[in-house]
Amino acid sequence: MEVTEDVLTSIELFSGAGGLALGLERAGFEHIGLVDNYTDACNTVKKNRPKWNVICDDIANVTTKNLQELFDLKTGELDVLSGGAPCQSFSYAGKRLGLEDTRGTLFYHYAIFLKQLQPKMFLFENVKGLLTHDGGKTYKTILEVFKEAGYSVQYKVLNAWDYGVAQKRERLITIGIRNDLQDKIKFEFPKPHEYKPVLRDILKDVPKSDGVLYGEKKQAIFELVPAGGYWRDIDPEIAKDYMKSCWNMGGGRTGILRRLSLDEPSLTVLTSPSQKQTERCHPLEARPMNVRENARCQSFPDDWEFCGKVMSQYKQIGNAVPVNLAYEIGKQLKQSLKGA
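Residues numbered from 1 in each chain as written. Predicted model: local features only at pLDDT ≥ 70, side-chain atom pairs only at ≥ 80, totals over all residues. Heavy atoms only, no water.

**Section: empty space enclosed by the protein**
According to the stated counting rule, one finds two cavities of 30 Å³ or more in the structure shown. Empty space within the largest cavity amounts to approximately 100 Å³. Residues belonging to the lining of the largest cavity are distributed by class as follows: six nonpolar, five polar and one charged. Put simply, the second largest cavity is a space of about 40 Å³. Along the walls of the second largest cavity sit A85, P86, C87, Q88, F90, F107, F124, N126, L130, T138 and I142, which together make up its complete lining. Elements that contribute at least two residues to the lining of the second largest cavity include exactly strand 5 (121-127) and helix 6 (137-148). Residues belonging to the lining of the second largest cavity are distributed by class as follows: eight nonpolar, three polar and no charged. (1 Å grid on protein atoms, 1.4 Å probe; cavity = no way out; pocket = protein on both sides within 12 Å on 5 of 7 lines; lining within 4 Å. Points joined across faces, edges and corners; volume = space filled by probe spheres on them. Nonpolar A, V, L, I, M, F, W, Y, C, P; charged D, E, K, R; others polar. Helix = DSSP H or I, 4+ residues; strand = E, 2+ residues; numbered from the N terminus.)

Structure follows, in structure tokens:
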């Protein structure tokens with residue numbers, strides 16, 4: 001793909017249904033490649049952005065190729081590498097933490113892209129739990145690999161609710177700057193918005209869409225749960241019968257029989273519309289949120305169409321980076337690069 005000098009370029013790995021890519025596009029980036037192996041998600045991106053170069057393949061296959069030739073890039077030319085590899089434990093086989101310890105994991109292939117292409121900056125996003133995964137060893141190894149690849153790193157946990165997303169969703173955002181550009185590029189994380197949206201703001205005039213329903217018995221129980229409430233807000237005998245073995249578990253179990261409220265943001269949108277331990281019942285109706293409602297919670301535009309069967313659409317949306325959060329980070333990346 002031929003790009004002009006004033007265009008900022010990016011390649012995204014583990015691109016999914018395009019939430020992160022769409023946010024970066026809005027911020028001014030031109031994607032010269034997106035890689036994912038989930039066919040429905042790839043089809044979603046292709047349907048909405050037919051001109052994007054979507055590579056639907058196992059990333060382990062992609063990294064066996066000459067990446068400079070594949071993307072028609074010179075080493076160091078790419079502006080941003082973005083994406084977030086799923087969290088996996090590493091081997092710690094080496095004498096020191098580094099790239100070899102990550103072999104056999106998806107992160108290893110992200111690191112290969114980084115080492116080979118040497119982009120000016122990178123964006124690595126992941127769940128907040130990565131900070132403590134395997135006693136903190138996993139993230140420590142990741143930081144060592146970034147250092148080994150020639151990057152200085154800063155990281156912060158951002159809550160999407162602070163950035164125009166009607167959802168509580170915390171993500172660990174890691175930003176890297178190539179060492180030779182340290183004096184030219186400075187990055188600041190986006191400042192939280194003054195107003196934080198709630199479901200009342202986004203659940204207006206939602207387009208009709210597919211969605212799953214609860215069974216008759218579960219629906220009847222959810223009819224008893226007030227908006228913003230959960231199992232403690234109904235008759236204990238009914239709750240006990242529903243919860244069965246969960247009744248005797250420790251902790252607050254606040255996700256069980258949980259109903260959302262119009263006056264609050266959504267809880268983290270998940271990949272499945274109904275799971276006993278982590279329910280997100282619609283605030284006004286006794287049913288799960290449908291596909292387009294979840295997409296609104298993830299700040300996808302209404303014209304972004306999802307491919308595949310309904311459960312696949314739920315999965316794509318639940319795995320996505322909220323578009324508005326990606327946009328805010330993208331604006332900061334653009335500002336950093338334009339100042340170089």
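**Some words on the pattern of salt bridges**
Summed over all chains, the structure comprises 17 salt bridges. The salt bridge partner of E293 is R287, with a shortest N-O separation of 2.9 Å. For the pair E293 and R287, a shared accessibility class is recorded, and that class is buried. The structure contains a network of salt bridges with shared partners spanning E285, R287 and E293. (Salt bridge = Lys/Arg side-chain N within 4 Å of Asp/Glu carboxyl O. Buried < 20%, exposed > 50% of the residue type's maximum accessible area, 1.4 Å probe, protein only.)

**Topic: the packing of aromatic side chains**
Tallied over the full model, the rule gives 17 aromatic pairs. Consider the rings of Y110 and F146, whose centres lie 6.4 Å apart with planes at 65 degrees: the pair is edge-to-face. Pair noted here: Y110 is in helix 5 (residues 106-117) and F146 is in helix 6, with a separation of 36 residues, a long-range link. With respect to class, Y110 is no different from F146; both count as buried. With a centroid separation of 4.3 Å and an interplanar angle of 40 degrees, the aromatic rings of F122 and F146 are classed as tilted. Of this pair, F122 sits in strand 5 while F146 sits in helix 6, placing them 24 residues apart in sequence. Accessibility assignment for this pair places F122 and F146 in one class, buried. Through a chain of ring-to-ring contacts, three or more aromatic side chains come together here, namely F107, Y110, F122, F124, F146 and Y151. (Phe/Tyr/Trp six-rings, centres within 6.5 Å; stacked < 30°, edge-to-face > 60°.)

**Focus: helix 1 (residues 19-27)**
The element helix 1 is largely enclosed, with a buried count of seven among its nine residues. Regarding helix 1, the residues found buried are G19, L20, A21, L22, G23, L24 and A27. Contact partners of the buried residues in helix 1: strand 1 (8-13), strand 2 (29-36), strand 4 (80-83), strand 5 and helix 12 (323-338). Downstream of helix 1 by a residue or two, G28 has a phi angle that is positive, lying close to 115 degrees. (Contact = heavy atoms within 4.5 Å.)

**A closer look at the pairing of strand 4**
Because side chains alternate across strand 4, one face comprises the buried residues V80 and S82, and the other comprises L81 and G83, equally buried. Here strand 1 pairs with strand 4 via four bridges, running parallel. For E12, the partnering residue across the bridge sits in strand 4 and is S82. Where strand 4 lies against strand 5, four bridges are found, and the strand directions are parallel. Opposite G83, over in strand 5, you have F124 as the bridge partner. (Pairing = 2+ DSSP bridges.)

**Notes on the side chain of N290**
Tracing the chain through its elements places N290 in the loop between helix 9 (236-243) and helix 10 (291-297). Look at N290 and you get buried, because its relative accessible area is 12%. Among the polar contacts listed, one links the side chain of N290 to the backbone nitrogen of R292, at a separation of 3.2 Å. Residue contacts for N290: discarding those within four places in its chain leaves S209, D210, G211 and Y314. (Polar contact = N/O pair within 3.5 Å; in protein donor to acceptor, adjacent residues only side chain to side chain.)

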